[in-house]
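Listed below, chain by chain, are the residues.
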Amino acid sequence: MKRKINYSLITGLKIIAILIMFSSCIPQKKIKYMQPTHKDSTNRAAFATPAYQEYHIAIGDNLNINVRSLDVKSNSFFNSGGGANSRSVYNDASIYLSSYTVDPEGNIIFPFIGPVKVAGLTLDESQDKIAKILNEYLKETTITVKLVNYNITLVGEVRRPGEYKVYQSNINLFEVIAMAGDITDYGNRNKVKLMRKTDEGTALHILDLTREDILESPYFYLKPNDIIYIEPLKGKQFAFATFPYGLLFSTISLTLVLLTFFELK
């Protein structure tokens, strides 16, 4: 009777060990990026990535406008952020506080020249428009317009979820995912959800990062205030990335050895 119990216990422990081993494994196909579209095809060498579509300024955006001219007093006046004191130390807060907010009518209130409608324009177009107006009052001016609130949010199965500020004119999916430390092993790369604001509300787009033709997707380049959600794989509840598998297998192995030893005695 004792021997039967021992054999049953040993068999049960072996089955548990096998189940844990398989539940903790994730197929490489689910975590590998940019796989060939067809099983019998090879990786392509070139892709027709859609051209980056410039962002159009929207209501509520914050613009950092920098004016440079030969007149030092004019520089101080126009770069004061609409009344705020100029700052010698630059950080996210100071840049935001000295920026110009696009009001509900699509205008910014620029010193001396009053409201300037910029909603619907690209950054370059707004820059040209402001420069044209200022050239009526100042000579030899140089103007730069930057978007202050260029944020991308990543949530879900990424190593460092959060909101990230972008300090470049354009950024793509993989660059942003790299900023967040990559997708975890339990992130669903087949159904990456991209939420993007539109005039009507929010549009939801499903992207498959495991396919190599993601490079040709019109959503490969991101827009300001995009939100990316990486949902977990269905089997995540049966697998644990930080579970002490080594300790568990050692315990099971030791138990099997002890049972075998006592049985032989």
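Residues numbered from 1 in each chain as written. Predicted model: local features only at pLDDT ≥ 70, side-chain atom pairs only at ≥ 80, totals over all residues. Heavy atoms only, no water.

Undergrad: I keep staring at a negative patch on the surface and nothing clicks. Help me out?
TA: Together, Glu54, Asp124, Glu125 and Asp128 line one region of the surface with negative charge. For glutamate 54, the location among the structural elements is in the loop between helix H2 (28-31) and strand E1 (62-68). Residue classification places glutamate 54 among the partly exposed residues on the basis of a relative accessible area of 42%. (Patch = residues over 30% accessible without salt bridge, like charges linked within 9 Å, V, L, I, M, F, W, Y side chains within 5 Å. Areas by Shrake-Rupley, 256 points an atom, 1.4 Å probe, with all protein chains shown as cover. Salt bridge = Lys/Arg side-chain N within 4 Å of Asp/Glu carboxyl O. Lys, Arg positive; Asp, Glu negative; His and termini not counted. Charge placed at Lys NZ, Arg CZ, Asp CG, Glu CD. Helix = DSSP H or I, 4+ residues; strand = E, 2+ residues; numbered from the N terminus. Buried < 20%, exposed > 50% of the residue type's maximum accessible area, 1.4 Å probe, protein only.)

Undergrad: Help me understand the sheet that holds strand E2 (residues 100-101) in this model?
TA: By way of backbone hydrogen bonds, the strands of a sheet pair with one another, either parallel or antiparallel. With respect to topology, three strands assemble into an open sheet ordered E2-E1-E5, the strand pairing being antiparallel. Only two strands of the sheet have a single partner each, and these edge strands are E2 and strand E5 (142-147). Both E1 and E5 contribute to a ladder of six bridges, which runs antiparallel. Paired with leucine 63 across the bridge in E5 is leucine 147. Helix H5 (residues 123-134) rests against E1 and E5 of the sheet, and its axis sits at about 145 degrees to E5. (Pairing = 2+ DSSP bridges. Contact = heavy atoms within 4.5 Å. Axes fitted to C-alpha atoms, helices over the stretch in contact; angles between N-to-C directions.)

Undergrad: So what exactly am I meant to see when it comes to the packing of aromatic side chains here?
TA: Any pair of aromatic rings gets described here by the distance separating the centres and the angle formed by the planes. Under the criterion given, the structure shown has five aromatic pairs. Ring geometry for tyrosine 52 against tyrosine 221: centres 5.6 Å apart, planes inclined by 80 degrees, an arrangement best described as edge-to-face. Of the two residues, tyrosine 52 sits in the loop between H2 and E1 while tyrosine 221 sits in the loop between strand E9 (202-207) and strand E10 (227-232), which places them 169 residues apart along the sequence. With 5.5 Å between their ring centres and 75 degrees between their planes, phenylalanine 220 and tyrosine 221 make a pair best called edge-to-face. Members of the aromatic cluster, each reached through a chain of ring pairs, are Tyr33, Tyr52, Phe174, Phe220 and Tyr221. The ring of tyrosine 52 has lysine 223 lying over it, and the distance from NZ or CZ to the ring centre is 4.7 Å. (Phe/Tyr/Trp six-rings, centres within 6.5 Å; stacked < 30°, edge-to-face > 60°. Lys NZ or Arg CZ within 6 Å of the ring centre and 35° of its normal.)

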